[in-house]
Amino acid sequence: MSNKDQIKEINVFEEDLNDTITFWEKIRNIFRGKSLWMLHYCTGCGAVELPPTMTARFDMERLGMGPMATPRQADVLLVTGYLSVKTLRRVIYTYEQMMFPKYLVGFGSCTINGGIYYDSYAVINRLDYYLPVDLYVAGCMPRPEAIMNTFKTLENMITKGEANGWKKYVENYEWYRENQIRSLGEVYVKDEFHE
Amino acid sequence: MSYLIAFSIIIIGFLWQVSLDGVQRKVTAKVHRRVGPPWYQAFMDIFKTLSKSSISHGFIYDFGVMMALGGTIATLMFLPFGNIVAFEGLDNFFVIVYLLAVGSLGMAMSASGSGNAWAGIGIMRALTQMLAYEVPFMIVVFGMIHAYGTSSLSELAHVQQMNGILGWHIFTMPLGAIVAFISLLGMLTKVPFDTPIAPAEIASGPMVEYGGKHFGMLILQHEFATLVEVGLFVNLFLGGGNLLEYLIKYFLVYTLVTLIYSVSARFRVENVVTYFYRVPIILSLVQTAIVIFTGLGVNV
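Remember, it's a predicted structure, so these values are computed and weren't measured experimentally. (Residues numbered from 1 in each chain as written. Chains lettered and ligands numbered in written order. Predicted model: local features only at pLDDT ≥ 70, side-chain atom pairs only at ≥ 80, totals over all residues. Heavy atoms only, no water.)

Chemist: I tried to follow the interface of chain A and chain B on my own but got confused; where do I start?
Modeler: When the parts come together, some accessible area is lost, and that loss is often what is quoted as the size of the interface. At the interface, 25 residues of chain A touch 32 residues of chain B. Between chain A and chain B the total buried area reaches about 2500 Å² when both faces are included, carbon and sulfur atoms providing 55% of it. Contact with chain B buries surface across chain A, with Phe 31, Glu 61 and Arg 72 of chain A losing the most and accounting together for 24% of the total. For the pair chain A and chain B, the interface holds six salt bridges. For Asp 75 of chain A, the salt bridge is made with Lys 48 of chain B, and the minimal N-O distance between the two is 2.6 Å. Scanning the region where chain A abuts chain B turns up 15 residue pairs in polar contact (both at pLDDT 80 or more). Looking at the side of chain A that touches chain B, the element that brings in the most residues is helix H2 (residues 23–34) of chain A, giving four residues. (Contact = heavy atoms within 4.5 Å. Buried area = accessible area lost by both parts, 1.4 Å probe. Salt bridge = Lys/Arg side-chain N within 4 Å of Asp/Glu carboxyl O. Polar contact = N/O pair within 3.5 Å; in protein donor to acceptor, adjacent residues only side chain to side chain. Helix = DSSP H or I, 4+ residues; strand = E, 2+ residues; numbered from the N terminus.)

Chemist: Mind showing me how you'd approach unusual backbone geometry here?
Modeler: Among all residues except glycine, the phi angle is most often negative; among peptide bonds, the trans geometry is most common. Omega for the bond connecting Phe 100 of chain A with Pro 101 of chain A falls within 30 degrees of zero, at -10°, which places this linkage in the cis form. Mapped onto the fold, Pro 101 of chain A is located in the loop between helix H4 (85–97) and strand E4 (103–107). In the segment running from Cys 140 of chain A into Met 141 of chain A, the intervening peptide bond is cis, with an omega of -15°. Positionally, Met 141 of chain A belongs in the loop between strand E5 (135–137) and helix H6 (144–160). Positive phi is not limited to glycine here, since Ala 203 of chain B has a value of about 50°. Locating Ala 203 of chain B in the fold gives a position in the loop between helix H9 (199–202) and helix H10 (213–237). When its relative accessible area of 15% is taken as the criterion, Ala 203 of chain B is described as buried. (Buried < 20%, exposed > 50% of the residue type's maximum accessible area, 1.4 Å probe, protein only.)

Chemist: Explain the packing of helix H3 (residues 59–78) of chain B against H10 of chain B here, please?
Modeler: The axes of two packed helices give the description: the angle between them and the distance between them. All names here are of chain B. At their nearest, the axes of H3 and H10 sit 9 Å apart, and the two run at 25° to each other. The pairing of H3 with H10 is recorded here as roughly parallel in orientation. As H3 runs across H10, the sense of the crossing is left-handed. Here Tyr 61, Asp 62, Val 65, Met 66, Ala 68, Leu 69, Thr 72, Ile 73, Thr 75 and Leu 76 of H3 come into contact with H10, specifically with His 214, Met 217, Leu 218, Leu 220, Gln 221, Phe 224, Ala 225, Leu 227 and Val 228. (Axes fitted to C-alpha atoms, helices over the stretch in contact; angles between N-to-C directions. Parallel < 35°, antiparallel > 145°, perpendicular 65-115°, else oblique. Left-handed = near helix turned anticlockwise from the far one by under 90°.)

Structure, rendered in structure tokens:
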């Protein structure tokens, strides 16, 4: 299957891909920023920080965020920690199944430079070679306060129309795909349980 | 004129139910000792999903979503909303129950058209649960219809208002009201009975393949279905009333549902069926026998 076919099956708003922001796009961005659903798919050790962020003490729902069980309904994909090459494959599948517009947040130093796994053969070093990251949270691992702060920042970025990672992914798909194939061999496998 | 009334019922119902949905999220948050989202969060969610892109899995997938939304809106048009009835003489219990199935079946058709295995399992569970909660509810309501000789909802609401508050069926037919309330929990797929949408095991069940606009339309469908189902309970057991009374009763019933769902755990699907076929069906048979053989609880 060629690269073009995979992108074509997803229907993108043409005006969303422009850099100029129209009036209706501003209104759309307000709705998109106020209601963020995250994918409840946690990789690595940062997943430990999410239960306190979701439950009563830090209460993620104040920002209109909530966990969603399926990538089709989610807006935000959280990459919480190191990514082994095997996990990266699943994360790429998951990211490509999400609907436009979609946002990606990288947690901790592992997604920035590999962290303590920087010289491991099984772990990737930089996430943004493979997927467009909108926002990084520093720390190993970030506290729930830092995570809430990040979500607030992401909300503001979306409202202003600055969270453009998914546009970058559509426009520079060839480059991302080259990097993905170099690390993984082949990315698109239809029957992933019998690969 | 009646179409104009029906249209305004849809608009008012949408605004009322969706803002109430946000309020209920606040109530749940208070039970959990959280702050919770603002009351307009449900509007934000709906408009956000409608502003996202979505993909299609074929004609049946698209058509089923529209059938579900249209069928449920059509059901709402026939429901007496307080003392406002859009189509006089057609606010029949059978019409509403018949049309409500169109919505659920459209969703079932569409979800199985998506070809996802979780969707298939979710649909199976949803239809099994429907089989469980419909039977006791129907037995109670048929007993009521037999006693009064009419199946018009506004008529049934009207006979309850003649003896004041104590004439409501929740006081004259308490067993039936309990059964109908448990069935209402099952209809709304709220937590003791949310086996069809089990995010922890089958990834939202029927909704698993929906995203963007399709999902937004299904959220709308769910809101309108909630309007119809809670409205049925208010009309049949709490005596309807004028628009203000109706909305207050609606709010109380829906808040009670929320309070129950925010503190309880979930049944497995076989537990749902055995539960409904054990306790509520016995209560409903007892209630119907009382109504038919002794006439106790029937307002004359």
